[in-house]
Amino acid sequence: YRYTVTPDTTHTRYIYLPQAYVLPDTSPQNPSDSADFIDKGLLEGGIVREAAIFGIEGGIWAQSAGCNISEDEQRAIVDGLNDPPLREIRVGGRKYRCTMSSLDVILSKLSIPEPSDGRTRGGGGCIIKKTNQAVIVAEYPSKSSEIDVLAGVEQLGNYFITQGY
């Protein structure tokens, strides 16, 4: 699947996305229509482990079965996006170390304490994208490529922006 990005009229850049990132044919009519975007747009290809979409003002619009982002975590994510850079975030009770944060995207890696020696090891990551009215959260396992997940989350986020969300 080819996704076209045209930053200006003289250059065209193509990003080739995994099959997992094919957006549903319909646009969301309201926030409750967002479940298809989680299921078909992010989870279907197995690259993303858990995902959620919540409103900037709070409230879950859609989430996968295992994803439970608390209201405090939602607020902290929105606050962090509004005032980068971040050092860490929490999603579903899991602590992530931020590797990059801006006004609309957060890239982070999961740090899991080893019970035997107290050190940390990588265990996947989390990518967060802010749109006009929503925040998209995608947690991925260590076997997935951060670049592939980022491409899909960016595509979904940009689509929401063009639809006014």
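(A) Local environment of the packing of aromatic side chains. Applying the stated criterion across every chain, the model contains two aromatic pairs. Centre to centre, the rings of Trp 61 and Tyr 165 are 5.9 Å apart; their planes meet at 80°, and the pair counts as edge-to-face. Residue Trp 61 is located in strand E4 (residues 60-63), and its partner Tyr 165 is located in the segment after helix H3 (146-162); the two are separated by 104 residues in the primary sequence. No difference in accessibility class separates Trp 61 from Tyr 165, as the two residues are buried. One aromatic cluster is present, built from ring pairs that chain together Trp 61, Phe 160 and Tyr 165.

(B) Quick peek at the pairing of strand E3 (residues 50-55). Taking burial as the measure, the six residues of E3 include six buried ones, the bulk of the element. Neither face of E3 is left uncovered, since the one carrying Glu 50, Ala 52 and Phe 54 and the one carrying Ala 51, Ile 53 and Gly 55 both have all their residues buried. Note that E3 and strand E9 (residues 134-140) share six bridges and pair antiparallel. Bridging across to E9, Gly 55 finds its partner in Ala 134. Relative to E4, E3 runs antiparallel, the two sharing three bridges. Paired with Phe 54 across the two strands is Ile 60, which belongs to E4. Two successive antiparallel strands, E3 and E4, enclose a turn made up of four residues, where Gly 58 displays a positive phi of approximately 105°.

(C) Fine view of helix H2 (residues 71-82). Here H2 contains twelve residues, and its C-alpha end-to-end distance of 17 Å stays within 8% of the 16 Å for a straight helix at 1.5 Å per residue. Taken together, the buried positions of H2 are occupied by Glu 73, Gln 74, Ile 77, Val 78, Gly 80 and Leu 81. On an axial view of H2, the arc spanned by its buried residues comes to 160°, and they lie on one face. Of the exposed residues in H2, the ones pointing more than 90 degrees away from its buried face are Glu 71, Asp 72 and Asp 79.

(D) Representation of the pattern of salt bridges within the structure. For the structure shown, the criterion picks out six salt bridges. As a salt-bridge pair, Arg 94 and Glu 50 come within 2.9 Å of each other at their nearest N and O atoms. Remark: Glu 50 occurs in strand E3 and Arg 94 occurs in strand E6 (residues 94-101); sequence separation between them is 44 residues. On the basis of relative accessibility, which here comes to 14%, the residue Glu 50 falls in the buried class. Close ionic contact of Asp 104 with Lys 129 constitutes a salt bridge, the shortest N to O distance being 3.1 Å. Of this pair, Asp 104 sits in the loop between E6 and strand E7 (105-113) while Lys 129 sits in strand E8 (residues 120-130), and the two are 25 residues apart along the sequence. Residue Asp 104 is classed as partly exposed on the basis of its relative accessible area, which comes to 31%.

The rules we used
- Residues numbered from 1 in each chain as written.
- Predicted model: local features only at pLDDT ≥ 70, side-chain atom pairs only at ≥ 80, totals over all residues.
- Heavy atoms only, no water.
- Phe/Tyr/Trp six-rings, centres within 6.5 Å; stacked < 30°, edge-to-face > 60°.
- Helix = DSSP H or I, 4+ residues; strand = E, 2+ residues; numbered from the N terminus.
- Buried < 20%, exposed > 50% of the residue type's maximum accessible area, 1.4 Å probe, protein only.
- Pairing = 2+ DSSP bridges.
- Expected span 1.5 Å × (residues − 1).
- Arc of directions from axis to C-beta.
- Salt bridge = Lys/Arg side-chain N within 4 Å of Asp/Glu carboxyl O.

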